[in-house]
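Breakdown of the fold
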Amino acid sequence: MRLQKVLAAGGVGSRRTAEELIDAGRVRVDGDVVRVQGMRVDPSTARIEVDGERVNVSADHEYLIMNKPSGVLTTADDPQGRPTVLDLVKSRRRLFPVGRLDADTMGLLLLTDNGELAHRLAHPRYEVPRTYVAEVKGNPSPDVLARLTEGVLLEDGPAAAKSVRLMRTTGGRCQVEIVMTEGRKREVRRMFDVVECPVVYLARVAFGTLRLDDLPSGKTRSLTPAEVGRLLESVGL
């Protein structure tokens, strides 16, 4: 396909806009600046960047972001008939959730049929950050919060947060932002239990390069080409 058509299909603007970007030397294909109109590229293999930011131009996979509500299971199917995240999705593709969220945990969930991306995002080796906002009982001191980054011992081994930040305190509760780089079952809740600050509310607000922002609970949206490009870039794809 011609490059300007691929760029337009990738959401960077009209074909005319794509041609102007090429004329300005703002487009790279496989690392090389392109200034010639009409260049033919394979969108399934070419690495295309605009202003240094990778643009996803392949339609081979689907990528959705969901604001998972409480009470919904992060699984493709439940033998007991309980609601799952796929019950909230309308897609002709067979999507699967990336990065488990417990039934009572809300927030950002990625669904895709890109198996290699899903594997890398979930694997501890890639240290993809997961940002949560937790409301916990008590008013933990700086020393208590520091224990979460230094590491605490859980029944399945040690666990440590990448960062912890006290956001605000109200009465006998406080709101804490905690960033993790792995996703063991109920890991954040168990860590707060160890420091005697049980979680009463937990939501994931960011996952890798993705942010939840103002997406309503229970709703999904497609990732933009730029969002997909940044996500692929973050795990070396």
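Below is a short write-up of the structure. Throughout, residues of each chain are indexed from 1 in the direction in which the sequence is written. Local features in this predicted model are restricted to residues whose pLDDT is 70 or higher, and side-chain atom pairs enter the listing and the counts only when it is 80 or higher, whereas totals over whole chains, interfaces and linings include all residues. Note that water and hydrogens are dropped before the side-chain values are worked out from all heavy atoms of the structure.

**Thoughts on unusual backbone geometry**
- A positive phi angle, close to 60 degrees, is found at Glu196, a residue other than glycine.
- By secondary structure assignment, the location of Glu196 is in the loop between helix 5 (187–194) and strand 13 (199–207).
- Residues other than glycine seldom take positive phi values, yet Asp213 does so here, at roughly 55 degrees. Secondary structure follows DSSP: runs of H or I at least 4 residues long count as helices, runs of E at least 2 residues long count as strands, and numbering of each begins at the N terminus.

**A look at the sheet that holds strand 4 (residues 53–55)**
- DSSP bridges decide pairing: two strands pair if at least two such bridges lie between them. Reading across the sheet, the 4 strands line up as 2-1-3-4 and stay open at both edges, with antiparallel pairing between neighbours. Whereas interior strands pair on both sides, the edge strands pair on one side only; in this sheet they are strand 2 (32–33) and strand 4.
- Examined bridge by bridge, strand 1 (residues 27–29) and strand 3 (residues 48–50) share 3 bridges and lie antiparallel to one another. Bridging from a neighbouring strand, Val27 pairs with Val50 of strand 3.

**Some points on helix 2 (residues 15–23)**
- Taken together, the buried positions of helix 2 are occupied by Ala18, Leu21 and Ile22. Here the buried residues of helix 2 occupy an arc of 100 degrees about the axis, which is enough to place them on one side.
- A positive phi of about 70 degrees marks Gly25, the residue just after helix 2. Between buried and exposed lies partly exposed: a residue is buried under 20% and exposed over 50% of the maximum accessible area for its type, with that area taken using a 1.4 Å probe on protein chains only. Directions pointing from the helix axis toward each C-beta atom define the arc.

**Focus: the pattern of salt bridges**
- Criterion for a salt bridge: a side-chain nitrogen of Lys or Arg within 4 Å of a carboxyl oxygen of Asp or Glu. The full count for this structure, using the stated rule, is 16 salt bridges.
- Between Arg16 and Glu19 there is a salt bridge; the shortest N-O distance is 3.4 Å. Of this pair, Arg16 and Glu19 are both found in helix 2, 3 residues apart, which corresponds to roughly one turn of the helix.
- A residue is classified by how much of its surface remains accessible, and Glu19, at 23% relative accessible area, is partly exposed.
- A salt bridge links Arg184 to Glu187, with the nearest nitrogen and oxygen atoms 3.3 Å apart.

**Details of the pairing of strand 7 (residues 106–112)**
- Among the 7 residues that make up strand 7, 6 are buried, leaving the element largely enclosed by the rest of the structure.
- Here 6 bridges tie strand 5 (residues 63–68) to strand 7, and the two strands are oriented antiparallel to one another. Bridge assignment links Leu64 to a residue of strand 7, and that residue is Leu111.
- Summarising the sheet, strand 6 (residues 96–98) and strand 7 pair through 3 bridges and their orientation is antiparallel. Its bridge partner lying in strand 7, Phe96 is registered against Thr112.
- Across 2 bridges, strand 7 lies against strand 13 in parallel orientation. Within strand 13, the position partnered with Gly107 by the bridge is Arg204.

**Things to note about the nonpolar core**
- Side-chain atoms within 4.5 Å link the members of a nonpolar core, which is a set of buried Ala, Val, Leu, Ile, Met, Phe, Trp, Tyr and Cys residues. Ranked by internal contacts, the top residues of the largest apolar core, which has 29 residues, are Val136, Met191 and Phe192.
- Within the residue set of this core, elements represented by two or more residues are strand 5, strand 7, strand 8 (130–137), helix 4 (142–150), strand 9 (152–154), strand 12 (173–180), helix 5 and strand 13.
- Here this core gets 4 residues from one element, more than from any other, and that element is strand 12.
- For this analysis, residues touch if any pair of their heavy atoms sits within 4.5 Å. Setting aside anything within four residues of it in sequence, one finds Val136 in contact with Gly172, Arg173, Cys174, Val176, Phe192, Cys197, Pro198, Val199 and Val200.
- In terms of nonpolar packing, the next biggest core, distinct from the first, is built from 18 residues, Leu108, Leu121, Leu231 and Val235 among them.

**Digging into the side chain of Lys68**
- With respect to the helices and strands, Lys68 occurs in strand 5.
- Despite its burial, Lys68 pairs with no opposite charge; the closest candidate is Asp104, at 6.9 Å N-O.
- Engagement of the side chain of Lys68 in a polar contact is seen with the backbone oxygen of Val72, the distance being 2.8 Å.
- Looking at Lys68, its side chain comes within polar contact range of the main-chain oxygen of Asp102, at 3.3 Å. In this count, Lys and Arg are taken as positive residues and Asp and Glu as negative ones, while His and the chain termini are left out. Under this definition, polar contacts are N or O atom pairs within 3.5 Å; protein pairs additionally need one hydrogen-donor-capable and one acceptor-capable atom, and for neighbouring residues in sequence, both atoms have to be side-chain atoms.

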